[in-house]
Amino acid sequence: MPTSNTVIRAKNAAVLAKIEVTEGVDAAPVPGLDAVLVENPKVKYEFETETTSEAGGSLDSSAPIPGGTKVTVTFDVFLKGGGVAGTPPEYGKLLRACAMAETIVAAPIPAAPAAVTAGTTASVTLAGTASAVAQAYRGLPITISGGVANAAGTYPVADYTAGKVATLAAAPAEAPDATSLWQVPACVSYVPVSGDVPSLTLYVYRDKKRVRVVGARGTVTVKMTSGKAGRLSFSFTGIFVDETDNAVPAGLVYDATRPPSWRDGRALLDRKVAAMASLSVAVNNKLTMPGNPNQAEGYDPPVITSRSITGSCDPLATLVATRSAIALMRAGTQQALVAELGETPGNRAFILCPAAQQTAHDTADREGLEADSLSFSGTGLDCGLYITLF
């Protein structure tokens, strides 16, 4: 009869993840520093097994020949901040291993709010010590205060020019003016990158067993549902090391924040309210594991060779005068798409596609109401998607 000493309890699981100093070499993650709180952790094996057609004087085939093993690890992580604005969350390293570069703004820029030169409900021109580097603030939040009261708020930046003009992905109720002030709050932002991508060591514990995977890289999909917490769905591929009898370790330390839900936030298309029930944005990294007989499993660690950011959403249909999804698709119009949730500094987040281009349109029935079922591409080189925590 099975006892608690012989069965494996699926709920009693944990995942540790750590960036590798040397690709494919176990980085030895530890419970107190490298634990990531996940849902639905799963390990899938791809065994290379070669069947033969040797003629051995029988209709039966000879035994198959075992080869190398590839491993895929999947799980979900809630979209939330780490608790302190400007400090990466525990899952930041996972995004980095999905070819998302990490930008840390540890302290507000500038230290004290500075003057705005001019503004509209679509953009603000910054003064003072604002960066003169194009796109320096794209994907970051900017807080407008002082001056025009109805302009106050924090807005994602969809574009930033060398002339210090910040295009806002959300529209203030009233245009800021020269009496208004600006400041980029402390934040952490993740954006696609085409340069070197770090690899991970993953330890996946399942009650009394542990699977070790090295050289892992992957892809991620953002999933949002109105009124619920957002999720990041990860899929990592790596090199199998071993499966051993190791209990879930003691001393696991996680970020203390609880995830905010997508309500009293923002869901916008081209700075206009879009009543979405759901939103999904997939990075769609393509990975390959180059064959290499010098490696233990016959493969090198996975390499990300291409990316195609795509997404879908289902805003309630509007009058053509408000938004014509068909006309926008036919014209190839690119629009800023924003999903924002959370109210507490250190636990706020937004998803920004600065130039989302619609690729498909259909109608859907949402509880008796007509909705636009939209598919889109996150266009732009290394700027199709921003995941920003502030």
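Residues numbered from 1 in each chain as written. Predicted model: local features only at pLDDT ≥ 70, side-chain atom pairs only at ≥ 80, totals over all residues. Heavy atoms only, no water.

1. Observations regarding the overall build of the chain
So, step 1. Scanning the chain from N- to C-terminus turns up three helices and 25 strands.
So, step 2. Referenced to the eigenvectors of the C-alpha coordinate spread, the extents of the chain come out at roughly 85 × 45 × 45 Å.
So, step 3. Considering the chain as a whole, with its 390 residues, one finds that 45% of them fall into the buried category.
So, step 4. At a minimum sequence separation of 6, the contacts of the chain that also span at least 24 residues come to 73%.
So, step 5. Put simply, the chain shows about 17,800 Å² of open surface, and 53% of that area lies on carbon and sulfur atoms. (Helix = DSSP H or I, 4+ residues; strand = E, 2+ residues; numbered from the N terminus. Buried < 20%, exposed > 50% of the residue type's maximum accessible area, 1.4 Å probe, protein only. Contact = heavy atoms within 4.5 Å. Areas by Shrake-Rupley, 256 points an atom, 1.4 Å probe, with all protein chains shown as cover.)

2. Brief notes about the packing of aromatic side chains
Aromatic ring pairs are reported here in terms of the distance separating the ring centres and the angle at which the planes meet.
So, step 1. Summed over the entire model, instances satisfying the criterion amount to nine aromatic pairs.
So, step 2. Seen from their ring centres, Y137 and W182 are 6.0 Å apart, and the 45 degrees between their planes marks the pair as tilted. Of this pair, Y137 sits in the loop between β7 (123-126) and β8 (141-145) while W182 sits in strand β11 (residues 181-184), and the two are 45 residues apart along the sequence. The pair formed by Y137 and W182 is uniform in burial state, with each residue classed as buried.
So, step 3. Ring geometry for Y203 against Y205: centres 6.4 Å apart, planes inclined by 75 degrees, an arrangement best described as edge-to-face.
So, step 4. Judged by relative accessible area, Y203 falls into the buried class, the value being 7%. (Phe/Tyr/Trp six-rings, centres within 6.5 Å; stacked < 30°, edge-to-face > 60°.)

3. Here's the deal with the side chain of S123
So, step 1. Structurally, S123 is set in strand β7.
So, step 2. What makes S123 buried here is its relative accessible area of 17%.
So, step 3. When residues no more than four places from it in sequence are discounted, the contact partners of S123 are V165, A166, T167 and L168.

4. Some thoughts on the sheet that holds β7
So, step 1. Read around the closed barrel, the six strands follow the order β6-β7-β10-β9-β8-β11; overall the barrel is antiparallel. Shown here is a sheet whose adjacent strand axes are inclined to one another by a mean of 45 degrees, direction ignored.
So, step 2. Of the strand pairs in this sheet, β8 and strand β9 (residues 153-160) are connected by four bridges, and their pairing is antiparallel. Note that in β9 the partner of I144 across the bridge is G153. (Pairing = 2+ DSSP bridges. Axes fitted to C-alpha atoms, helices over the stretch in contact; angles between N-to-C directions.)

5. Section: the state of the cysteines
So, step 1. Within this structure, the stated rule accounts for zero disulfides.
So, step 2. A disulfide-free cysteine, C187 has its sulfur positioned 17 Å from the sulfur of C383, the nearest such atom.
So, step 3. According to the relative accessible area criterion, C187 is buried, its value standing at 0%. (Disulfide = S-S within 2.5 Å.)

6. Quick word on the nonpolar core
So, step 1. In terms of nonpolar packing, the biggest core is built from 53 residues, with L79, L94, F234, F236, L279 and I387 touching the most fellow members.
So, step 2. Here the element with the most residues in this core is strand β14 (residues 209-225); it accounts for six residues.
So, step 3. Ignoring anything within four residues of it in the chain, the contact list for L279 reads V222, K223, M224, W262, S312, C313, L337, A339 and F376.
So, step 4. With 32 residues, the next largest nonpolar core counts Y137, Y160, V184 and V191 among its residues. (Core = buried A, V, L, I, M, F, W, Y, C linked by side-chain atoms within 4.5 Å.)

7. Re unusual backbone geometry
So, step 1. Geometrically, the link from I109 to P110 is a cis peptide bond, its omega value of -15 degrees lying close to zero.
So, step 2. By secondary structure assignment, the location of P110 is in strand β6 (residues 109-119).
So, step 3. One non-glycine residue, D270, adopts positive backbone phi at about 55 degrees.
So, step 4. Examined against the element boundaries, D270 turns out to sit in the loop between β16 (266-269) and β17 (272-273).
So, step 5. Positioned with a positive phi, R271 is a non-glycine residue whose angle comes to about 65 degrees.
So, step 6. Position of R271 among the secondary structure elements: in the loop between β16 and β17.

8. Some remarks on the pairing of β14
So, step 1. Of all 17 residues making up β14, 14 are buried, and the element is well covered by its neighbours.
So, step 2. Taken together, the six bridges between strand β13 (residues 200-206) and β14 define a ladder with antiparallel strand orientation. Directly across from V204, in β14, lies its bridge partner V211.
So, step 3. Counted along the chain from β13 to the antiparallel partner β14, the turn is two residues long, and its residue D207 has a positive phi close to 60 degrees.
So, step 4. Note that β14 and strand β15 (residues 231-244) share twelve bridges and pair antiparallel. By the bridge assignment, V214 is partnered in β15 with I239.
So, step 5. Where β14 folds back on β15, the antiparallel hairpin that results is connected by five residues, among which G227 adopts a positive phi of roughly 85 degrees.
So, step 6. Bridging between β14 and strand β18 (residues 276-282) involves five bridges; their strand directions are antiparallel. When the sheet's bridge partners are listed, T221 is paired in β18 with A282.

9. Some thoughts on the side chain of T379
So, step 1. In this fold, T379 is placed in the loop between β24 (369-378) and β25 (386-389).
So, step 2. There is a polar contact of 2.5 Å between the side chain of T379 and the backbone oxygen of A355.
So, step 3. If we ignore the near neighbours within four places in the chain, the residues touching T379 are Q334, A355, Q357 and G384. (Polar contact = N/O pair within 3.5 Å; in protein donor to acceptor, adjacent residues only side chain to side chain.)

10. Some points on the pairing of β25
So, step 1. Here β25 shows no split at all, with Y386 and T388 on one side and I387 and L389 on the other all buried.
So, step 2. Here four bridges tie strand β23 (residues 349-366) to β25, and the two strands are oriented antiparallel to one another. Bridge assignment links I351 to a residue of β25, and that residue is I387.

11. Quick word on the environment of G384
So, step 1. Note on placement: G384 falls in the loop between β24 and β25.
So, step 2. Taking relative accessible area as the criterion, G384 reaches 2% and is therefore assigned buried.
So, step 3. Between the alpha carbons of G384 and V220 there is a distance of 14 Å; along the sequence they are 164 residues apart.
So, step 4. When residues no more than four places from it in sequence are discounted, the contact partners of G384 are P192, I309, L352, C353, P354, G378 and T379.

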